[in-house]
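Architecture and fold: a report
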Amino acid sequence: LTPHASRLTPHASRLTPHFSVVSGFRRIEAFQRLGETVMEARILSPDTDPLSCLKLAITENALQRPLNLVEMSRALHKLSLFAEEDESLAQAASSIGLPTNPSVIRKTGRICLLPESVQKAVLSGIISLAMVSELGSLESEEAATYAVIFESLRLSLNKQREMITRVREIALREDISIMEVLRGEGIQGILNDENLDRNQKVRQIRAFLKQRRFPEITRVEQAFETDVKALRLGNGMKLIPPAHFEGTVYSLNLNFKTPDELKAHQATLGRILREPALKNIFGCVQEGT
């Protein structure tokens with residue numbers, strides 16, 4: 001407790017008008033529930049400054065068990081109110097065993113400012129510290145919606161980033177809001193389809209976003225896949241188009257173990273050179289450039 005420090009916490013009136021609780025809220029609540037009216041308390045000096053009180057509270061909590069990311073975030077955020085510069089904040093954090101790296105402090109400190117659904121996803125490991133900064137740059141509703149989707153699909157960090165980038169680009173390209181993309185029938189229809197398992201939903205949503213973001217490339221890609229199937233290349237032979245269909249050079253990979261298998265590939269090559277689908281493939285590559 002600290003005397004005459006009611007400005008530090010709104011809980012002061014629960015105890016006495018002359019004292020404010022610095023640490024031990026749960027213990028006091030437990031005593032009250034048990035009907036106790038008297039308990040021992042450590043009284044701090046009246047001239048104890050607010051920063052020292054905050055450090056004591058954080059340290060006391062950390063001694064009971066390691067702080068999780070959300071608790072650490074709240075502690076760093078409160079410390080930042082007393083430290084305007086990164087160096088002074090790092091020093092204050094170091095004195096009570098919190099992270100001292102400025103980048104980690106900035107990322108961790110943002111967690112407690114994010115929507116509750118995002119904080120829960122962070123605690124469950126669905127959202128990493130690396131993703132916190134990206135979600136922190138979004139509107140609260142957008143960040144909360146992404147958190148729900150990430151938790152439902154258990155997306156990896158790379159797939160989370162891919163989704164955020166694709167949705168942002170679609171919104172800019174179509175001049176609509178991010179929420180319109182996320183709440184659209186395309187994504188929501190896949191998420192709510194009970195006939196699809198999680199992996200199928202992930203694949204379909206990624207394909208949907210790619211098709212919507214790059215409709216022309218997707219169309220050419222689908223036509224290419226159809227024509228390759230028509231060529232009936234068989235095992236050990238693979239036709240590789242230019243990256244993103246943005247060139248005219250393509251590759252044909254052959255895998256074989258024996259001269260006979262190589263000879264079979266030779267026969268296949270002779271056949272596909274006469275196939276109409278091969279001419280279609282050249283057209284797809286050129287059209288996609």
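Up top is the structure these notes are about.
Here the structure is a predicted model, which is why all the values come from computation and not from measurement.

Parameters at a glance
Residues numbered from 1 in each chain as written. Predicted model: local features only at pLDDT ≥ 70, side-chain atom pairs only at ≥ 80, totals over all residues. Heavy atoms only, no water. Helix = DSSP H or I, 4+ residues; strand = E, 2+ residues; numbered from the N terminus. Buried < 20%, exposed > 50% of the residue type's maximum accessible area, 1.4 Å probe, protein only. Pairing = 2+ DSSP bridges. Salt bridge = Lys/Arg side-chain N within 4 Å of Asp/Glu carboxyl O. Polar contact = N/O pair within 3.5 Å; in protein donor to acceptor, adjacent residues only side chain to side chain. Contact = heavy atoms within 4.5 Å.

Positive phi outside glycine occurs at Asp-175, with the angle close to 55°. Here Asp-175 shows up in the loop between helix H10 (157-174) and helix H11 (178-182). Positive phi values are uncommon outside glycine, yet Arg-232 reaches one of about 50°. Checked against the element boundaries, Arg-232 lands in the loop between helix H14 (215-231) and strand S3 (237-240).

This next bit is on the pairing of S3. Side chains Met-237 and Leu-239 of S3 all project onto a buried face; the interleaved residues Lys-238 and Ile-240 project onto a face where none is buried. One ladder, built from four bridges, connects S3 with strand S4 (residues 251-254); its direction is antiparallel. Paired with Lys-238 across the bridge in S4 is Asn-253.

Here the focus is the pattern of salt bridges. For the structure shown, the criterion picks out nine salt bridges. Between Arg-206 and Glu-162 there is a salt bridge, with the nearest N and O atoms lying 2.8 Å from each other. On the criterion of sequence distance, the pair formed by Arg-206 in helix H13 (residues 198-213) and Glu-162 in helix H10 is long-range, its members being 44 residues apart. For Glu-162, a relative accessible area of 24% gives the class partly exposed. Overlapping salt bridges bring together Arg-232, Arg-271 and Glu-275 as one network.

By the secondary structure assignment, Gln-160 is in helix H10. What makes Gln-160 buried here is its relative accessible area of 1%. One polar contact links the side chain of Gln-160 to the main-chain carbonyl oxygen of Ile-126, over a distance of 2.9 Å. Contacts of Gln-160, omitting those with residues within four sequence positions, involve Ile-126, Met-131, Phe-150 and Leu-155.

Let's shift gears to the environment of Asp-197. Here Asp-197 lies in the loop between helix H12 (185-191) and H13. Taking the C-alpha atoms as reference points, Asp-197 and Leu-153, 44 residues apart in sequence, are found 9.5 Å from one another. At 2.7 Å, the side chain of Asp-197 forms a polar contact with the backbone nitrogen of Gln-200.

By the secondary structure assignment, Thr-145 is in helix H9 (residues 140-153). When its relative accessible area of 17% is taken as the criterion, Thr-145 is described as buried. Here Glu-141 takes part through its backbone oxygen, which lies 2.8 Å from a polar atom of the side chain of Thr-145. Once residues lying within four places of it in the same chain are set aside, the contact partners of Thr-145 are Met-179 and Leu-182.

Remember, this is a structural readout, not a statement about activity or role.
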